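# Understanding the architecture of this molecule
These are the residues of each chain, in order.
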Amino acid sequence: MTTEPIHVIGGGLAGSEAAWQAAQAGVPVILHEMRPVRGTDAHKTDSLAELVCSNSFRSDDAETNAVGLLHAEMRLAGSLIMACGDAHQVPAGGALAVDRDGFSAAVTAKLEAHPLISIAREEVPGLPPAEWDKAIIATGPLTAPSLAQAIAEATGADALAFFDAIAPIVHFDTIDMGTCWFQSRYDKVGPGGTGKDYINCPMDKAQYEAFVQALLDGQKTEFKEWEGTPYFDGCLPIEVMAERGVETLRHGPMKPMGLTNAHNPTVKAYAVVQLRQDNALGTLYNMVGFQTKLKHGEQVRIFRMIPGLENAEFARLGGLHRNTYINSPTLLDGSLQLKSRPGLRFAGQITGCEGYVESAAIGLLAGRFAAAERLGRAPSLPPVTTAFGALLNHITGGHIVSDDEPGKRSFQPMNVNFGLFPPLEAGTNLRPEGFEGRFRGKDKSIARKKAMTGRALTDCRTWLGLNAAAQAAE
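Read on for an overview of the structure. (Residues numbered from 1 in each chain as written. Predicted model: local features only at pLDDT ≥ 70, side-chain atom pairs only at ≥ 80, totals over all residues. Heavy atoms only, no water.)

### So, the overall build of the protein
Put simply, the rule reads: In this description a helix means any DSSP run of H or I spanning at least four residues, a strand means any run of E spanning at least two, and both kinds are numbered starting from the N terminus. For this analysis, residues touch if any pair of their heavy atoms sits within 4.5 Å. Accessible surface area values rest on a Shrake-Rupley calculation with a 1.4 Å probe, where residue burial reflects the displayed protein chains alone.
Along the protein, the regular secondary structure elements total 13 helices and 16 strands. For the protein, restricting intrachain contacts to residue pairs at least 6 apart in sequence, the fraction spanning at least 24 positions comes to 70%. Surface exposure of the protein reaches about 20400 Å², of which carbon and sulfur atoms provide 52%.

Below is the structure:
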């Protein structure tokens, strides 16, 4: 009996990984890549998995870094992207950086040589036809306009974003709650709210004016020529608002009205920065109204001027750029399948993740899920304690819907980070064996991360069946 193929649209990192995983599971794959038939503004070659920006896969530290942990999990899962990255790495300290030409050539060669993979150099202008009952769209942030339009028509007018206005996100446990306090403006209790739904960071006049000046002086990134300048009401960068007058911000996202400092009730703040819970776990908070084109180093420096955020660690920094992605938590089920069309999956950056490795990881999962279904099995979802599971959960439902900002998208792309993982179980012993003396601050943070990565790798091996295989071999 002949197994029908899975169609993968897009030969970037996610599509390449999805095709590889499905083929390795024994399922035929047709990989559709529009280059060189149709080029993009960013790609330079017709190679599969071409790296269009940096050549870095970021940290390779699997003990204390979330992306390094994702590297390790992908290697356990037989990732093509990681295997080719490892084979073509170049010196980069603790990061994994690759020779971009050698890397993409290796991925292309592996896919071309696989007996179950056929590569079709053609544009797929619309949604896959009905006869492609198992398909994966992995077309990335530079999805062809015709396909993007088809996706928008099939999923709803507000389901596809073409420009990504991102506000920074802060790890909750790095916010100084001795300075900040919980309160909604005028103690308003919205749907699902308590009247204490925001973290508030107060500023006096001198602090506010120094902050505004820093925004004006800070170095900004420029839009690429093909991106245009997509400013629109409700998503103006914080520094653009500051350019409109020194008082603009305190009458906009930093207005102090309706708020009383719980630590100093008799003193009225001149301005207030608000942070709103960003994920269901309550580990991440986003800076309300703080989308920005400031360079990343400048964001860290300037935003740490805000009282209560002096030691803030950022899960994601702000930005505003071209990024075609869907509203995945609304549209996709837990296995990346379009709820309105079973069998059609999305993978990579179009699902709402950031970064080469994250895109490839979601491609890996989509390929495995589709192959399982083609072989008559239900997809096996990774545990949320793993990097795979934490990233998948963010994409398919880990965010918080904003009730007080109707019309605004509450779901935004993100890199993998420890804020997406469920907290460690209560009572987990973090002290390394033999550790003596004071245990807090940096030591405790490192120990917590090591405990989370250790848990993740154990659970990932179990999910992949590697623990059982090792026991059987002994």
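### Regarding helix 2 (residues 66–76)
Along an α-helix, residues three or four apart share an orientation, since each turn contains 3.6 residues. Note the cut-off: Three labels apply to residues, based on accessible area from a 1.4 Å probe with only protein chains included: buried if under 20% of the type maximum, exposed if over 50%, partly exposed otherwise in between. Polar contacts here mean pairs of N or O atoms no more than 3.5 Å apart (in protein, one a potential hydrogen donor and the other a potential acceptor; neighbouring residues in sequence count only if both atoms are side-chain atoms).
Counting buried residues along helix 2, nine of its 11 residues qualify, which places the element largely inside the surrounding structure. All of the buried residues along helix 2 are Ala 66, Val 67, Gly 68, Leu 69, Leu 70, His 71, Ala 72, Glu 73 and Met 74. Capping the start of helix 2, Asn 65 holds a side-chain oxygen 2.9 Å from the backbone nitrogen of Val 67, two or three residues further along. A positive backbone phi angle near 75° is found at Gly 78, which sits one or two residues after helix 2.

### Some points on the sheet that holds strand 16 (residues 344–346)
We count it as follows: The pairing criterion for strands is at least two bridges between them, as found by DSSP. What counts as an axis is a line fitted to C-alpha atoms, over the stretch in contact for a helix, and the angles between N-to-C directions run from 0 to 180 degrees.
Taking strand neighbours across the sheet as the criterion, the five strands line up as 6-2-1-7-16 in an open arrangement whose pairing is parallel. Bordering the open sheet on either side are strand 6 (117–121) and strand 16, each of which pairs with just one other strand. Ignoring strand direction, the axes of neighbouring strands in this sheet form an average angle of 20°. Along the sheet, helix 10 (residues 356–374) makes contact with strand 1 (6–9), strand 7 (135–137) and strand 16, crossing strand 16 at roughly 165°.

### A short note on the pairing of strand 11 (residues 198–203)
Burial of strand 11 is extensive: six of the six residues sit out of reach of the surface. The alternating pattern of strand 11 places Tyr 198, Asn 200 and Pro 202 and Ile 199, Cys 201 and Met 203 on opposite faces, both of which are buried. As paired strands, strand 11 and strand 12 (residues 271–277) are joined by six bridges and run antiparallel to one another. Along strand 12, the bridge assignment pairs Ile 199 with Leu 275.

### What about helix 6 (residues 205–217)?
Rules: Multiplying one less than the number of residues by 1.5 Å gives the expected span of a helix. Summarising the geometry, the arc corresponds to the directions from the helix axis toward the C-beta atoms.
In this model, helix 6 (13 residues) spans 18 Å end to end at C-alpha, consistent with the 18 Å of a helix rising 1.5 Å per residue. Burial in helix 6 covers these residues: Tyr 208, Phe 211, Val 212, Ala 214 and Leu 215. The buried residues of helix 6 occupy an angular sector of 160° when the element is viewed end-on, so they sit on one face. Residues of helix 6 that are exposed and point more than 90 degrees away from the buried face comprise Ala 206 and Asp 217. Against strand 11, helix 7 (238–243), strand 12 and helix 8 (296–303) lie the buried residues of helix 6. The backbone nitrogen of Ala 206 has a side-chain oxygen 3.3 Å away, supplied by the residue at the start of helix 6, namely Asp 204.

### Quick look at the side chain of Arg 185
By the element assignment, Arg 185 lies in the loop between strand 10 (181–182) and strand 11. One polar contact links the side chain of Arg 185 to the main-chain carbonyl oxygen of Lys 255, over a distance of 2.7 Å. Residue contacts for Arg 185: discarding those within four places in its chain leaves Lys 255, Pro 256, Met 257, Gly 258, Leu 259 and Gln 274.

### Overview of unusual backbone geometry
If you check the backbone angles, Ala 49 has positive phi at about 55° while not being a glycine. Structurally, Ala 49 can be placed in the loop between strand 2 (29–33) and strand 3 (56–59). One non-glycine residue with positive phi stands out, namely Arg 58, at about 70°. Tracing the backbone through its elements, the reader meets Arg 58 in strand 3. Given the relative accessible area of 28%, Arg 58 is considered partly exposed.

### A short note on the environment of Val 240
Tracing the chain through its elements places Val 240 in helix 7. Distance from Val 240 to Leu 216, taken between C-alpha atoms, is 8.4 Å for residues 24 residues apart in sequence.

### Regarding the nonpolar core
This is how it is decided: Here, nonpolar core means buried Ala, Val, Leu, Ile, Met, Phe, Trp, Tyr and Cys residues that are tied together by side-chain atoms lying within 4.5 Å of each other.
Membership of the largest hydrophobic core comes to 88 residues, with the highest contact counts inside it found for Phe 57 and Phe 388. When near neighbours in sequence (up to four residues on either side) are disregarded, Phe 388 contacts Leu 70, Glu 73, Met 74, Ala 77, Ala 361, Leu 364, Leu 365, Pro 382, Cys 460 and Trp 463. By size, the runner-up hydrophobic cluster in this structure holds 33 residues, among which are Ile 199, Ala 271, Val 273 and Leu 317.

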